[in-house]
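A closer look at the structure
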Amino acid sequence: MRFITMLAGAALAVLSAGVQAEQAAQDWRPSKPVRIIVPIVGSTNDVLARLLAPKLQAAFGQPFVVENKGGAGGNIGAAEVARAAPDGLTLLVGYNRPLAVTATLFDSLPYDPRKAFAPITLAVKSPQYLVVNPSAGFTSVQDFIAKAKAAPDKYSYGSVSLGSASHLTMEMLKDAAGFQMTHVPYRGAGPAMTDLLAGQVQAGFFVPGNVQGYVQNGRLKLLASSGAKRFPSTPDVPTLAESGFKGFEATSWIGFLAPAGTPANIVQRYNEEMVRILKSPEISARLADMEFEVVASSPKEFGQWIDTEIARWGAVIKKTGAKAN
């Protein structure tokens, strides 16, 4: 009888601890304005941050201020968040480059992508479009590759940054198709778009939100997408897998993180609100218009995804020899 009583007491203690932890997560609120660091300029990362900021402000009762800290392909902004106090007052809008690519691309970094952050949620994913300036005269993926092979010094492609999915997806295609083309990295999608539209570079891989408007008005031409299936909005545009490169798939993604050491109840509270906001009809519709798939993962799932992506992009970097230093 005494043993049963002890077991019951232990079970109640565990249940009570779980209830207290849940209550702690529900009760937490930031005591000051929160900074959301976007480590790239003029991108869909910035759009996503500014979509969520007012919703988070309404949920938590404090201003959420979006700050663009571009440079070094996202490393500068990511490093700033890695150094920040783990108090829930600084968040990172993370993406492929500073979280998954840096571990292999750079020989030394001011932070460890695996250890410097507490994942909150993988917010969205999206394949990319292979787009070209119409003046280059590319009519299809096959024509693009044939002309690049015939004149390897004539053409160049732009990317949003060194080591981004925008960069490495083209490197994957170059390796798969056996052609050469000069890479011109930019500091964000904005300047990359400017030069692509002006014909300073002739091609690039970009997420739909960066290029849709320019495609619709004829200033850019779509050749293919990097996903496993065609985009619903452009059913006539083939995937690269359909264009002769079986199994070709490359995804861009964006998520939210806090500095490592941020208490679990704070991470959980942010996750709950962000998942709710991402899945709300208003925000999910806006993201669907940008061709983003809403993921809204758990912190654990996001951490596992980052590990998977480090391995995936690391293999591409090692195979193509792409290094930053």
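To be clear, the structure that these remarks concern was listed above.
Predicted model only: the values in this text are computed from it and were never measured.

Focus: the packing of helix 7 (residues 189-198) against helix 8 (residues 208-216)
Where helix 7 meets helix 8, the axes come as close as 11 Å, and the angle between the chain directions of the two elements is 30 degrees. In this view, helix 7 runs roughly parallel relative to helix 8, as classed from their interaxial angle. For the element pair helix 7 and helix 8, the recorded crossing hand is right-handed. On helix 8, the residues that touch Ala 189, Met 193 and Leu 197 of helix 7 are Asn 210, Val 211 and Tyr 214. Among the residues making up the contact of helix 7 with helix 8, the classes are represented as 5 nonpolar, 1 polar and no charged.

Considering the packing of aromatic side chains
Applying the stated criterion to the full structure yields 12 aromatic pairs. Ring plane angle 80 degrees and centroid distance 6.4 Å describe the contact between Trp 253 and Trp 305, whose orientation is recorded as edge-to-face. Of the two residues, Trp 253 sits in strand 10 (residues 251-259) while Trp 305 sits in helix 11 (residues 299-320), which places them 52 residues apart along the sequence. When sorted by exposure, Trp 253 lands in the same class as Trp 305, which is buried.

Thoughts on the sheet that holds strand 1 (residues 34-38)
The sheet built from 6 strands is open, its strands ordered 2-1-3-10-4-11 with mixed pairing. The outermost strands of the open sheet, each flanked by one partner alone, are strand 2 (64-68) and strand 11 (293-294). Judged from the 4 bridges that link them, strand 3 (residues 90-95) and strand 10 form a sheet pairing that is antiparallel. Along strand 10, the bridge assignment pairs Tyr 95 with Ile 254. On top of the sheet, helix 4 (residues 96-105) reaches strand 3, strand 4 (117-127) and strand 10; it is set at about 65 degrees to strand 3, its chief contact.

Comments concerning the nonpolar core
Counting 54 residues, the largest nonpolar core has Ile 36, Leu 52 and Tyr 270 as the members making the most contacts within it. If one sorts the elements of this core by residue count, helix 2 (residues 44-60) sits on top with 8 residues. Judged by nonpolar contacts, the second largest core, of 27 residues, contains Ala 79, Ala 100, Phe 117 and Ala 250.

Section: the layout of surface pockets
Estimated volume of the largest pocket: approximately 350 Å³. If you go around the largest pocket, you meet 15 residues; those closest to its centre are Pro 127, Lys 229, Phe 231, Glu 291 and Glu 293. Residue contributions to the lining of the largest pocket peak at 3 residues, all from strand 4. Partitioned by chemical class, the residues of the lining of the largest pocket number 6 nonpolar, 3 polar and 6 charged. Approximately 190 Å³ is the volume attributed to the second largest pocket. Met 172, Asp 175, Ala 176, Phe 248, Glu 249, Arg 312, Ala 315, Val 316, Lys 319 and Thr 320 are the residues that line the second largest pocket. Of all the secondary structure elements, the ones that give two or more residues to the lining of the second largest pocket are helix 6 (165-177) and helix 11. Residue composition of the lining of the second largest pocket, by class: 5 nonpolar, 1 polar and 4 charged.

Conventions used here
- Residues numbered from 1 in each chain as written.
- Predicted model: local features only at pLDDT ≥ 70, side-chain atom pairs only at ≥ 80, totals over all residues.
- Heavy atoms only, no water.
- Axes fitted to C-alpha atoms, helices over the stretch in contact; angles between N-to-C directions.
- Helix = DSSP H or I, 4+ residues; strand = E, 2+ residues; numbered from the N terminus.
- Parallel < 35°, antiparallel > 145°, perpendicular 65-115°, else oblique.
- Left-handed = near helix turned anticlockwise from the far one by under 90°.
- Contact = heavy atoms within 4.5 Å.
- Nonpolar A, V, L, I, M, F, W, Y, C, P; charged D, E, K, R; others polar.
- Phe/Tyr/Trp six-rings, centres within 6.5 Å; stacked < 30°, edge-to-face > 60°.
- Buried < 20%, exposed > 50% of the residue type's maximum accessible area, 1.4 Å probe, protein only.
- Pairing = 2+ DSSP bridges.
- Core = buried A, V, L, I, M, F, W, Y, C linked by side-chain atoms within 4.5 Å.
- 1 Å grid on protein atoms, 1.4 Å probe; cavity = no way out; pocket = protein on both sides within 12 Å on 5 of 7 lines; lining within 4 Å.
- Points joined across faces, edges and corners; volume = space filled by probe spheres on them.

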